[in-house]
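So the chains spell out like this:
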Amino acid sequence: MSKKFKKETIASKAGVGTDKQHGAIIPPLYLTSNFEYDKIGEKQEYEYTRQSNPTRDHLIAALTDLEGGLGGEILSSGMAAITLVANILQLKSRVILPHDCYGGTFRLFSTLAKKGILEVYFVNQGHDSFLKETINEINPDLIWVETPSNPLLQAVDIQKISEQAKKYNSLVAVDNTFLSPSLQNPLKLGADIVMHSTTKYINGHSDVIGGAVITNNPEVLSELKFWSNALGITGSPFDSYLTLRGLRTLGIRMQQHEKNAVAIVELLSNHPKVGNVYYPGLSDHPSHSIAKKQQSGFGGMLSFELNNGLSEVESFIKAVNILPLAASLGGFESLISHPYTMTHGDLTSNQKKEIGISENLIRISAGIENTDDLLDAIKNALK
Ligand SMILES: *Cc1c(COP(=O)(O)O)cnc(C)c1O
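Residues numbered from 1 in each chain as written. Predicted model: local features only at pLDDT ≥ 70, side-chain atom pairs only at ≥ 80, totals over all residues. Heavy atoms only, no water.

Engineer: A description of empty space enclosed by the protein should follow, citing residues and the corresponding values.
Structural biologist: Counting across every chain of the model gives 2 cavities of 30 Å³ or more. In this structure, the largest cavity occupies an estimated 60 Å³ of space. Taken together, 13 residues form the lining of the largest cavity, with Ile-74, Leu-75, Gly-210, Asp-239 and Thr-243 sitting closest to its centre. Within the residue set of the lining of the largest cavity, elements represented by two or more residues are strand 3 (71-75) and helix 9 (237-247). (1 Å grid on protein atoms, 1.4 Å probe; cavity = no way out; pocket = protein on both sides within 12 Å on 5 of 7 lines; lining within 4 Å. Points joined across faces, edges and corners; volume = space filled by probe spheres on them. Helix = DSSP H or I, 4+ residues; strand = E, 2+ residues; numbered from the N terminus.)

Engineer: Talk me through the environment of Gly-367; I want residue IDs and the actual numbers.
Structural biologist: Tracing the backbone through its elements, the reader meets Gly-367 in the loop between strand 13 (361-365) and helix 14 (371-382). Given the relative accessible area of 0%, Gly-367 is considered buried. When the C-alpha positions of Gly-367 and Arg-253 are compared, they lie 8.5 Å apart, and in sequence the two are 114 residues distant. Ignoring anything within four residues of it in the chain, the contact list for Gly-367 reads Gln-256, His-257, Asn-260, Gly-331, Phe-332, Glu-333 and Ser-334. (Buried < 20%, exposed > 50% of the residue type's maximum accessible area, 1.4 Å probe, protein only. Contact = heavy atoms within 4.5 Å.)

Engineer: Quick one: what's the story with the packing of aromatic side chains, residue by residue and with numbers?
Structural biologist: The relative placement of two aromatic rings is captured by the distance of their centres and the angle of their planes. A full pass over the atoms with the stated rule returns 6 aromatic pairs. Judged by centre distance (4.5 Å) and plane angle (40 degrees), the ring pair of Phe-106 and Phe-122 falls under tilted. Here Phe-106, found in helix 4 (residues 103-114), pairs with Phe-122, found in strand 5 (residues 118-123); they are 16 residues apart in sequence, far enough to count as distant. The exposure class of Phe-106 is partly exposed, given its relative accessible area of 28%. Geometry around Phe-5 places Lys-4 over its ring, the cationic atom sitting 4.7 Å from the centre. (Phe/Tyr/Trp six-rings, centres within 6.5 Å; stacked < 30°, edge-to-face > 60°. Lys NZ or Arg CZ within 6 Å of the ring centre and 35° of its normal.)

Engineer: I'd love a proper account of the pairing of strand 8 (residues 193-197), names of residues and values included.
Structural biologist: Looking along a regular strand, one sees side chains alternate from face to face of the sheet. With 5 of 5 residues buried, strand 8 lies mostly within the body of the structure. Along strand 8, one buried face is formed by Ile-193, Met-195 and Ser-197 and the opposite face, lined by Val-194 and His-196, is buried too. Sheet analysis places strand 7 (residues 171-175) next to strand 8, joined by 3 bridges and oriented parallel. Looking across to strand 8, one finds that Asp-175 is bridged to Met-195. Here 5 bridges tie strand 8 to strand 9 (residues 211-215), and the two strands are oriented antiparallel to one another. Counted as the bridge partner of Met-195 is Val-213 from strand 9. (Pairing = 2+ DSSP bridges.)

Engineer: Mind laying out the domain arrangement of the protein chain, listing which residues take part and the relevant values?
Structural biologist: Taken domain by domain, the protein chain comprises domain 1 (7-247) and domain 2 (251-382). Computed over C-alpha atoms only, the centres of domain 1 and domain 2 are separated by 26 Å. Across the boundary between the two partners, domain 1 contributes 33 residues, which contact 40 residues of domain 2. A combined buried area of about 2,900 Å² lies between domain 1 and domain 2, and 56% of that area is made up of carbon and sulfur atoms. Looking at the side of domain 1 facing domain 2, the largest losses of area belong to Leu-152, Leu-183 and Tyr-201, adding up to 26% of the total buried there. For the pair domain 1 and domain 2, the number of links is 1 salt bridge. (Domains from an automatic or database assignment. Buried area = accessible area lost by both parts, 1.4 Å probe. Salt bridge = Lys/Arg side-chain N within 4 Å of Asp/Glu carboxyl O.)

Okay, here's the thing in structure tokens:
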């Protein structure tokens, strides 16, 4: 679609009016594994759905447009999207990742390193020495960035990392799941690759597992096309259809997610039973200024500490029954989670301490419910 439209319009118009056969407003769902040849040696535009499919293409086109890329792929999960990026690297490539990256990312890359396939370095990308010394010492082929981080919402400067990476001929890939293309566009800040778990905000309805990788680099794009087909990890047409349906309301959902997050943060920040509150919109959050610079919103995720230990955390989570206890995020429904035992349960207590995750920490993915209902539920549970 033409680049002159704003994001909400791109999302709502994706594929609309493209059906030549019947003029259907919504493009039909192509549930087909294969496509007919015109004659020997002459295939039509599509051949086999593992490789490409019209429904999936509408979703790729919309996300490419929203991220300002050249093209990309839709995969069967966020982890499949990360697997795809890992597979475009040469044997023994050097990869830098954040020490507090998504658990699945950590598991995949650390295992690839153990098998001798990649050389992997997990570092604190927010540390002063990262740009000045660490990149130089490691001389990477890929810098994997995840900003803001889970669950403390620490941001790193995509533009500065990308500038530095160019000097070492390193690619930069950004996991943009926590903000969605609505609130952050890494390619426009200098990154080469942007990755999403579309399971989260992009689909937004907690009923599909999916992933996406978008790039603005033609060589990377042809590698992505080759490997997604070779590995057989592209997303199904039905999941693509549902995800495109979810994407249409992304802009307006993100507004309500953020509105609810801000209201919850305000309530928690002034409550005597609550310690630290982590939300980049707070002026005393360590990443406030970076977030303000590179994001167009502070998003719908927040976390906070209760003052009185695990038993209080347990009774709070039990009492706040409007929020189910679940590890995912980015759906229309608010969710609460306990990072110490859930998303970060596999880390040792020392590792958790190093990245600042205490037993008292609670994460909330703010949904799109009525703000007052959420505030009442949280207020009552704190009592
Ligand atoms: C969920 C998530 C993933 C993995 O995506 P799946 O769709 O669950 O495979 C990767 N990165 C982040 C930041 C996530 O939240």
